[in-house]
Amino acid sequence: MKTALITGASSGIGRDMAHYLNNLNYELILVGRNKEKLNELKKACSNVSVIICDLSSKEEVYKLYLKTKNMNIDLLINNAGFGLFGFFNETDLETELKMINVNIIATHILTKLFLKDFIKKDYGHILNVSSSAGFMAGPYLNTYYATKNYILKLTLALYEELKRQKSNVKVSVLCPGPINTNFNNVAGGSFNVKGLSSEYVAKYALDQVFKNKLIIIPNFKMRLGIFLTRFI
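First, a word on what this report is: a plain description of the structure on this page. All values reported here derive from a predicted model rather than from experimental measurement. (Residues numbered from 1 in each chain as written. Predicted model: local features only at pLDDT ≥ 70, side-chain atom pairs only at ≥ 80, totals over all residues. Heavy atoms only, no water.)

### Details of the nonpolar core
Within soluble globular proteins, side chains that are nonpolar generally end up buried alongside one another.
Part 1 of the argument: Core analysis: the biggest nonpolar cluster contains 35 residues, and L5, V31, L55, L64, L110 and F114 have the highest contact counts within it.
Part 2 of the argument: Taken together, the elements giving at least two residues each to this core come down to β2 (27-32), α3 (58-68), α4 (93-121) and α5 (142-164).
Part 3 of the argument: When residues of this core are assigned to their parent elements, the largest contribution, nine residues, is made by α4.
Part 4 of the argument: Sequence-distant contacts of L110, that is, excluding residues within four places in its chain, are made with T7, V61, L64, Y65, L76, N78 and L115.
Part 5 of the argument: V48, L196, V201 and A202 belong to the second-largest nonpolar core, a separate cluster that totals 27 residues. (Core = buried A, V, L, I, M, F, W, Y, C linked by side-chain atoms within 4.5 Å. Buried < 20%, exposed > 50% of the residue type's maximum accessible area, 1.4 Å probe, protein only. Helix = DSSP H or I, 4+ residues; strand = E, 2+ residues; numbered from the N terminus. Contact = heavy atoms within 4.5 Å.)

### Here we look at the sheet that holds strand β5 (residues 125-129)
Part 1 of the argument: The strand order across the open sheet formed by seven strands is β3-β2-β1-β4-β5-β6-β9, and the pairing between neighbours is parallel. With one partner strand each, in any of the chains shown, β3 (48-52) and β9 (215-216) form the two edges of the open sheet.
Part 2 of the argument: Across five bridges, the pairing between β2 and β3 is parallel. Across the sheet, residue L30 finds its bridge partner in β3, namely V50.
Part 3 of the argument: Packed on one face of the sheet, helix α2 (residues 35-44) meets β2 and β3 and runs near 175 degrees to β3.
Part 4 of the argument: Where α3 meets the sheet, its contacts fall on β1 (3-7), β2 and β3, and the angle it forms with β3 comes to roughly 155 degrees. (Pairing = 2+ DSSP bridges. Axes fitted to C-alpha atoms, helices over the stretch in contact; angles between N-to-C directions.)

### Re the packing of aromatic side chains
Part 1 of the argument: A complete count under the given rule lists six aromatic pairs for this structure.
Part 2 of the argument: A centroid spacing of 5.1 Å and a plane angle of 80 degrees characterise the contact between Y65 and F114, whose relative ring orientation is edge-to-face. Remark: F114 occurs in helix α4 and Y65 occurs in helix α3; sequence separation between them is 49 residues.
Part 3 of the argument: Look at F87 and Y140: their rings are 5.1 Å apart centre to centre, the planes differ by 70 degrees, and that puts the pair in the edge-to-face class. Pair noted here: F87 is in the loop between β4 (75-78) and α4 and Y140 is in the loop between β5 and α5, with a separation of 53 residues, a long-range link. (Phe/Tyr/Trp six-rings, centres within 6.5 Å; stacked < 30°, edge-to-face > 60°.)

### A word on the environment of L97
Part 1 of the argument: Structurally, the position occupied by L97 is in helix α4.
Part 2 of the argument: For the pair L97 and S56, spaced 41 residues apart in sequence, the C-alpha separation works out to 8.8 Å.

### Focus on the packing of α3 against α4
Any two packed helices are characterised by the angle at which their axes cross and by the distance between the axes.
Part 1 of the argument: Contact geometry of α3 with α4 gives a least axis separation of 10 Å together with a crossing angle of 25 degrees. As judged from the angle between their axes, α3 and α4 are roughly parallel. The two elements α3 and α4 cross, and the hand of that crossing is right-handed. Residue-level inspection shows K58, V61, Y62, L64, Y65 and T68 of α3 in contact with α4, the latter providing I105, A106, I109, L110, L113, F114 and D117.
Part 2 of the argument: For the contact of α3 with α4, the per-class residue count stands at 10 nonpolar, one polar and two charged. (Parallel < 35°, antiparallel > 145°, perpendicular 65-115°, else oblique. Left-handed = near helix turned anticlockwise from the far one by under 90°. Nonpolar A, V, L, I, M, F, W, Y, C, P; charged D, E, K, R; others polar.)

Structure representation (structure tokens):
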């Protein structure tokens, strides 16, 4: 039985990835802050371990790794993250720093530590959840877009490094557009573009992971838009 660790698993894409992987008989390690929602998910799935963790705390991120490093993880999904709408000169600095800690620092730490383990055994897959925002600059979502640029570029670089090392370890980066999740409520704003369902994005993303796809963009219009933006 394969094992997947999913951060930000209590809702949205993380929750739906858990359901999909459960149907594929994966053992699941679900990480998040919402104990009630994670326990509900645990009841709905089988072979589940729940870890309550605040990924904005670097110390808790290290504790999470130490607690799970010997659990034979095959697939690491760095999904946890949030955004904040507003003018840069008006948004709350502490919230932005917390966002950087969750979106970048936690993902960086877990990616680095698990990647070193995966390379030693020459097996494993890391899926980092970025965004279509990772290809752009984002007025009103300035810090969020910047964090997703970091995740995208880091994953692309790791892909090339692993290729040069002739490693069997794989990395992928998910870059969806707007999704119908709790993101808007947390961020305090909304997108003009109609969002995809998190169930669709979760299934599409994992199907592409199993094909060792590097950049995963679920929406054709979004793929076309990103291509034209980069081309121009």
